[in-house]
Amino acid sequence: MEQAVLGAEAFHEFRTARDDELAPAEALVEDGVPVTMVADDGVDQEEITRSIEEEMLHQSRSARAYEDAMMHTLYLSELEEIHKGAKYKKAMDIAARKNRLVIDDKYKVDPFDPNIMWMMPGVYVDHRLIIARELGFDVLLPNIDRPGGQYDHTWQFTIDMKKQHHQFGGDQRMFGCDMAGRMLRIGQTQSDEDVWLCLVPNDSFDYPVDPHKVVLSKKSTVMNSQLSLVMIASVLYALHTARIQDIRLTQDYPPVSSSQALNRAWDCSDRGTFKLSISEMKKFAKAYKNNFEKWYEGAPESYRFPELEDSIPVLAILNYGQNREVGTAQTIDQVSDFWDREIDYKPVWRMVIALAAHYAAVPVQEWRLYNPQNVKRDNPEIYDSDEPFHRKLVDDILTYPLLDANGLEKRVYRPDGTRIKRRRAIGVRSSERLGIMQDLSAVQRLFCAPSGAYDHAMQLDPLDDPDARDGGNIDDADMDLNEQYARHAPPPEDVAYTSYPHFFSKNIGQWQAEGVMQPMLPLIRSLSEELSRPGSGGKAIVPLNSQCYNTIAHSTRFSARHHLAQKGMLTATAAGPWATTPKARNTANRLFGKVSYSLPHDRLVNQLLLGGDNCLRVENNFLIDFDHLRAEFRNGGDIYRRFIMKYQAFCRRSSLLDAIKSVSVLFTRSCFPHIYVWCGYPFAVTMKLLWMHHVQPHIEANANLANSQAAVSTPRMPNPIYVEAISVLERLLNYNYTGAAKVLPRRLMMELWPLRGILETGFPALWPGLVPGSGPSYGRPPFINMSLWPVDEETHRPLVSSRRTQEITYGRPHFVAYETLLHMKVAVAHMPKTRWAETSHIGRELRLLADIVMRAFTADVLDLVTSQVRAEIDPILADRGHDDLLAARTRRTALRKWLEVEHPLDWGVQADTRVVLTQAVSRDPIEAARGLGKSARGQMSVKDFVDILMRIATTSGMRSVRPPVWNRGQCWPGLRTAYNDGSRRAARAGMTPAQTMAVMREAFTYIIEEQRIRFFPDALTPTQGRRLPSTEPSIRSWSTLGAAVQAPVAGRSAPLTQGERLQYQMSQNSLQEMQADPNSAWDSTEVLIAEYPQYLARPSLPSNWSVPDDTLPSKTQPWIAEAYNWGQTQFKTKRSDWMCDLAFHLAFLLSKMAPAVGFNDDLKEELKEPIERLGLKAPQGRGNEHASEAADIREGIKLIRTVPWTVRKGVKGVKDESLYLVHAAIVLLLWMNKNSPLRRRLENGEPLGDPWSRKHQPKSLTPVNFIRLGIAYPLSSGVLKNTKMNKTWVMFNEAQLKQRHSEVLQMLNNAPAGPLALVRSIFGSDGTSRLVQMGHFPDTPSATRIARPVTRAPAQRAPSASSSKRLLSSDEEEGGGGDGYWTNDDTEAGEFYRPSRRRRLQ
């Protein structure tokens, strides 16, 4: 979307999604909604229509809260009073509650009131689209067959080479296909009609499709840049060939790689536009038509595009919003002649024309009768109806009643069906026109024929139009009836229509329909039969669609399409402080200048109340198909006489007018159009106060600083939540005036309640998060409770309303920086108090900011890898005969797997994640076997990585962003925003800059560990052709967080094929890199005791560390659950603490011995005398000093260690190694740490209780094992039965525990002899033999080595090492696997070999 940045021009009067304006080729198009206001998940207009007929049910929490709120009846008179009295507080109260709008009777008028006269001021041509059938530009020429036509000196056509990025504003369906990427605006006629060069497929001409059945993609019609240059080159070639205005090409096929390259190939490139006369146009059109096909056949490959193949370059002429009167019966000859001369319709394929009739209703002060004698004299034959099959002859007009029972005039007619007027209105003024809107709940009647009705085909004669001469007031049409076309009506067709409620009224507004009203069908069928060529197989006149609205909308617009309130200007202005580039700042300043003068909605109100035309506009669109039109009628004169003028006469017919009246709602002049202002006032007031108090002061302060040239680099930023609130309210005001649901972002508006109110009653309601203020006089403005702002359930990012406005106005980077700050503020407001509870409040906030940034970093890596891998494999996948097709499919499979991994930048179990990533980025098996390419950094510590991030966070421009941060991703703006916002938060907490940086570094370090970021793509190293590192990360260069990687070892000696060896080597390398990385994830159950020294420096807990809640007796003894939670927190937050470290190492050894961790008390008596002889005593004094000698303590421990290690039968919880490790580590820490909940409980004299004993004694997590582990000593042999602390045993004090920690570390680090000696000292010779037999010491000569098979999840199983079928995976699309085949676990699906691992016996 960056190509679509329009700046302040986004709010010019002509910038709309449907107008032919600048739009990128990839931009989406939404009918009738400006590009700045299209919501990403806009509400379907059909939903609004359905809600008028049925009530929708929602079951979400937000919906239930909305349903529980009280409904209020809101009278329009109350809104009028609030507006006139400027009652801000009451207005905001109304906005914050549920309302059902009721319009008082005093504001409405009965459409069938006998003293209301309906008039038709005229019929207008609003839109015309002409599509040529033949190749070239001939359709632009006037009808030179008419005398003097070729000598019109005022005629000209302007070729414009600089409009190639304009979006087509007409209905693409008329081409019979989706015209996405096929249209180029090439010029303009002297009548300001836009001319488009269109690539229409031949099938559209040969096999026409009903326009209503054409499916559009909503992609832009703009050609891609190179294709548009090719078509411009074809125009230049024709101008060159015709020798027009000295235009010369230096070559027939100029380069089309860029506009600059094309411009260098011709000598008038500085002009860009050419005005052609009729004679020049004839020469040019002839040259283009005769030479294009031959020229394109000889074009180079760079000129070849799919859109040009089997397509015809034809012209389309579009004129929108002209709103020109069609003329009257008195001017038919002159206007018909103009239509005949304007265009030669012979090369035309289709023409779409929109004809709009205006209707007005005016109060009548007095009626004066015509002399009935004169009426009788002038009309010897009078009928009571204009329907030939239902009318009766009036015997005597002198006695025939003037009025019916309802006070309406009883109409009478001449034999030809024209109405005879019996009275005329006096004192009628156009300034007193009533407001006319449509009753949307009754619109369906317009498209259904009444039961038993006849459908008459009419032939009209517009030449006789006495009513038009008489002032234009109507109740009937003037026509001749042709009985030969009369027939019974077919069943009513199902015409789809869409409702657009106005002023939050639920069922009053305007409508659009995919067809025309039922009373209109007889005329269209009649005319179609008259004008259609017999045997053509189709209809010459086809009704397309219709719409009905009040023309007051025209007076609220600055263009033919949209008014100011639809642009979102206030939202764009409020987002201005985030502008960083000079262009963006200039745009923000210009917008603020406009808004400072007058708020957009205030200007709209002033413009609306100035008045203007106030009519009901009924607009119908018709397709004239020249393939089916009679040859004698293919000229402008006959089209005007036989269709347009007959349509104008029909619009006066009583059947049509009565249908319109039946669904009309009339408002008094005092009410309309003020009703828009009154109903929108609660939301306009709220928006104005939010702007004045929360946004405007910041922008004014920035402007004052800029004017004073103060040395302040950081502008003041309003809280972005108020920008979003303003955007929501501005969209609601848009909906108030237009009823266009596309401006309402669905999810956000549902959560904030406005859409719920609109669907239920039509009137929006604002959610409780907006706290109303007391108005200016009380000095308490409204404010937003950010903790209630809705967020996305999956991404946890805040739902936004302003994205499209900001991206169109300032560009996507602007919005990313803004949205990142909003995300951070909302995330802080939503953060649970229990998250990271161990750190300070500012620490929690900074960690949250770091969490957001690093998640963006990971997302950027995913996008980067995906884009770079796809760029390499997509061309190969498109060529099924390519030699590397199998490898490309394998890479695609691996990429999909990698993208679904929870932690894609972590190693994974046995380096599985790294293996899949290597497979995805490697171009061939040999490259995969080498592993991921190493960056110049190779490896770094987490601290170094954080330092790099901090340096990038302080950069001032995108050009200074360097790898590993991607300058096209979301991490950099998030990183910079987090740094700035975190600095402000720390400053408010009283921190110095140095303290701030330290806390911020700690936060990022913690989050990087928490998110398991172990490696990432980095800059490519310099080469001979590139002296500097690349400015973007690359999948060919990876850095690792952790220690230096060991050199890869050779693969297994088993006989493998070459492909198998490469795959095994890749897997082995990845696994060894993971094992060498202290930050990588690891599973304690996969680690042998002999290998354990390699894991001593790991700062993280093993991946299998968890305590299921159902293992804790929280109900019977809540203190046990509290104690375990304390232990969990200690290990997670203080893993590197020496006491946690000691407890973990000992628990690890104990878990390997399980289930043989028990003992029996058979040796109690035997040990009694030796232990007593030692004279061991409990500690004495406050310092907890031990009274016993160290040698005696060691001897006591040795005595207890003579107790054999046994397996207790029937004990649960000792066979699950992972669970036993966690329980043992926590229990050891609880006993060792004197500040633990367990030790505090004992100091307070509270017993541990039976639940503690029942849980831990069977698992042998008792003093006997504490002693055997060397962290406690016995006082007597009674410890084998009585476990009372300081009675039968003593826990080491802190000094002794520290010494024990040093001993354990020293022995573990002294591999390979040290770990074995430690095991022998704890478990004795029998226990050591058991562990050796289990394979924990594979290099011990006396060990009987038993291979440990790998236990894998189904998705990780490896095939046989000798398989000769092992190949890189593929999706096997032709074989039935398809794109989803990669999810299978078949050996042919692309799994690499994993290195064989040993596993202990159970």
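We now turn to the structure provided with this report. (Residues numbered from 1 in each chain as written. Predicted model: local features only at pLDDT ≥ 70, side-chain atom pairs only at ≥ 80, totals over all residues. Heavy atoms only, no water.)

1. Section: the overall build of the protein chain
Line of reasoning, step 1. Check the secondary structure of the protein chain and you find 42 helices and 29 strands.
Line of reasoning, step 2. Each of the 1402 residues in the protein chain was classed as buried or not, and the buried ones make up 58%.
Line of reasoning, step 3. Sequence separation of at least 24 residues holds for 78% of the intrachain contacts in the protein chain that already meet a minimum separation of 6. (Helix = DSSP H or I, 4+ residues; strand = E, 2+ residues; numbered from the N terminus. Buried < 20%, exposed > 50% of the residue type's maximum accessible area, 1.4 Å probe, protein only. Contact = heavy atoms within 4.5 Å.)

2. Remarks on the packing of helix α19 (residues 674–708) against helix α20 (residues 720–738)
Line of reasoning, step 1. Packing of α19 against α20 leaves a shortest axis separation of 9 Å and a crossing angle of 160°. Viewed along their axes, α19 and α20 adopt a mutual orientation that is roughly antiparallel. As for the relative orientation of α19 and α20, their crossing is left-handed in sense. Residues Y676, V677, C679, G680, F683, A684, T686, M687, L690, W691, H694 and V695 of α19 form the contact with α20, whose own contacting residues are Y722, A725, I726, L729, E730, L732, L733, N736 and Y737.
Line of reasoning, step 2. Across the contact of α19 with α20, the residue classes break down as 16 nonpolar, four polar and one charged. (Axes fitted to C-alpha atoms, helices over the stretch in contact; angles between N-to-C directions. Parallel < 35°, antiparallel > 145°, perpendicular 65-115°, else oblique. Left-handed = near helix turned anticlockwise from the far one by under 90°. Nonpolar A, V, L, I, M, F, W, Y, C, P; charged D, E, K, R; others polar.)

3. Overview of the nonpolar core
Line of reasoning, step 1. In terms of nonpolar packing, the biggest core is built from 133 residues, with F137, F284 and Y359 touching the most fellow members.
Line of reasoning, step 2. No other element matches the twelve residues that helix α6 (residues 225–242) contributes to this core.
Line of reasoning, step 3. Filtering out sequence-adjacent residues up to four positions away, F137 remains in contact with F157, I186, L197, V235, M281, F284, A285, Y288 and L315.
Line of reasoning, step 4. Membership of the second largest hydrophobic core comes to 91 residues, among which are Y107, C671, F672 and I784. (Core = buried A, V, L, I, M, F, W, Y, C linked by side-chain atoms within 4.5 Å.)

4. Quick word on the packing of aromatic side chains
Line of reasoning, step 1. In the structure shown here, the tally under the stated rule is 50 aromatic pairs.
Line of reasoning, step 2. Here a set of aromatic residues connected by ring pairs shows up, and it is made of F137, Y237, Y253, F284, Y288, F292, W295, Y296 and Y303.
Line of reasoning, step 3. Its end group placed over the ring of Y66, K98 keeps NZ or CZ at 4.2 Å from the ring centre.
Line of reasoning, step 4. A cation over an aromatic ring shows up here: R914 above the ring of F1015, its NZ or CZ 4.8 Å from the ring centre. (Phe/Tyr/Trp six-rings, centres within 6.5 Å; stacked < 30°, edge-to-face > 60°. Lys NZ or Arg CZ within 6 Å of the ring centre and 35° of its normal.)

5. Quick look at the pattern of salt bridges
Line of reasoning, step 1. For the structure on display, the rule yields 57 salt bridges.
Line of reasoning, step 2. As a salt-bridge pair, K289 and D138 come within 3.4 Å of each other at their nearest N and O atoms. Of the two residues, K289 sits in helix α8 (residues 278–297) while D138 sits in the loop between β4 (116–132) and β5 (157–160), which places them 151 residues apart along the sequence.
Line of reasoning, step 3. Note that R985 is salt-bridged to E845, the shortest N-O span being 3.3 Å. Note that R985 is positioned in helix α30 (residues 971–988) and E845 in helix α25 (residues 841–878), a separation of 140 residues in sequence. For the pair shown, R985 and E845 are each scored as buried. (Salt bridge = Lys/Arg side-chain N within 4 Å of Asp/Glu carboxyl O.)

6. Here we look at a negative patch on the surface
Line of reasoning, step 1. The grouping of D203, D206, E309 and D310 at the surface amounts to a negative patch.
Line of reasoning, step 2. Inspection of the secondary structure puts D206 in helix α5 (residues 202–206). (Patch = residues over 30% accessible without salt bridge, like charges linked within 9 Å, V, L, I, M, F, W, Y side chains within 5 Å. Areas by Shrake-Rupley, 256 points an atom, 1.4 Å probe, with all protein chains shown as cover. Lys, Arg positive; Asp, Glu negative; His and termini not counted. Charge placed at Lys NZ, Arg CZ, Asp CG, Glu CD.)

7. A look at the pairing of strand β21 (residues 616–625)
Line of reasoning, step 1. Among the ten residues that make up β21, ten are buried, leaving the element largely enclosed by the rest of the structure.
Line of reasoning, step 2. Going residue by residue along β21, you find L616, V618, N620, F622 and I624 tucked away on one face and R617, E619, N621, L623 and D625 tucked away on the opposite face as well.
Line of reasoning, step 3. Both strand β10 (residues 348–363) and β21 contribute to a ladder of ten bridges, which runs antiparallel. The partner of A354 across the bridge, within β21, is N621.
Line of reasoning, step 4. Note that strand β20 (residues 541–550) and β21 share nine bridges and pair antiparallel. Counterpart to Q547 in the pairing with β21 is E619. (Pairing = 2+ DSSP bridges.)

8. With respect to the sheet that holds strand β25 (residues 934–940)
Line of reasoning, step 1. Sheet architecture is open: three strands sit in the order β25-β27-β26, paired in mixed fashion. Two strands close off the open sheet at either side, each with one partner strand: β25 and β26 (1015–1019). Ignoring which end each strand starts from, the neighbouring axes of this sheet average 35° apart.
Line of reasoning, step 2. Bridge count between β25 and strand β27 (residues 1033–1041): three bridges; the pairing is parallel. Bridging from a neighbouring strand, M940 pairs with L1041 of β27.
Line of reasoning, step 3. Its contacts with the sheet put α25 on β26 and β27, and the angle it makes with β27 is roughly 140°.

9. Description of the side chain of S204
Line of reasoning, step 1. By secondary structure assignment, the location of S204 is in helix α5.
Line of reasoning, step 2. Look at S204 and you get buried, because its relative accessible area is 4%.
Line of reasoning, step 3. Among the polar contacts made by the side chain of S204, one reaches the main-chain carbonyl oxygen of F175 at a distance of 3.2 Å.
Line of reasoning, step 4. With residues near it in sequence (within four places) discarded, S204 still touches F175, G176, C177 and W349. (Polar contact = N/O pair within 3.5 Å; in protein donor to acceptor, adjacent residues only side chain to side chain.)

10. What to know about the pairing of strand β7 (residues 194–201)
Line of reasoning, step 1. Taken across its eight residues, β7 has eight buried, putting it largely inside the fold.
Line of reasoning, step 2. A two-sided burial pattern is seen for β7, the buried positions comprising D194, W196, C198 and V200 on one face and V195, L197, L199 and P201 on the other.
Line of reasoning, step 3. Bridge count for strand β6 (residues 183–189) against β7 is five bridges, and the pairing is antiparallel. Each residue of the ladder has a partner; that of G187, found in β7, is V195.
Line of reasoning, step 4. The hairpin turn running from β6 into β7, its antiparallel successor, is four residues long, and D192 in that turn takes a positive phi close to 60°.

11. Details of helix α24 (residues 812–830)
Line of reasoning, step 1. The first and last C-alpha atoms of α24 sit 26 Å apart over 19 residues, in line with the 27 Å expected at 1.5 Å per residue.
Line of reasoning, step 2. Of all 19 residues in α24, 15 are buried; the element is thus mostly enclosed. (Expected span 1.5 Å × (residues − 1).)

12. Comments concerning α6
Line of reasoning, step 1. With 18 residues, α6 ought to run about 26 Å at 1.5 Å a step, and its terminal C-alpha atoms sit 26 Å apart, in line with that.
Line of reasoning, step 2. α6 sits mainly inside the fold: 14 of its 18 residues count as buried.
Line of reasoning, step 3. In this structure N224 caps α6, since a side-chain oxygen of it lies 3.1 Å from the backbone nitrogen of Q226.
Line of reasoning, step 4. Once α6 ends, the next one or two residues include R243, with phi positive near 55°.

13. Topic: unusual backbone geometry
Line of reasoning, step 1. The omega torsion across F672 and P673 is 10°, close enough to zero to call that bond cis.
Line of reasoning, step 2. Looking at the element boundaries, P673 is found in the loop between β22 (664–667) and α19.
Line of reasoning, step 3. Cis rather than trans, the peptide bond between P963 and P964 has omega equal to 15°.
Line of reasoning, step 4. Even without a glycine there, the phi angle at D192 is positive, about 60°.
Line of reasoning, step 5. Within the secondary structure layout, D192 lies in the loop between β6 and β7.
Line of reasoning, step 6. Exposure remark for D192: the relative accessible area of 54% places this residue in the exposed category.

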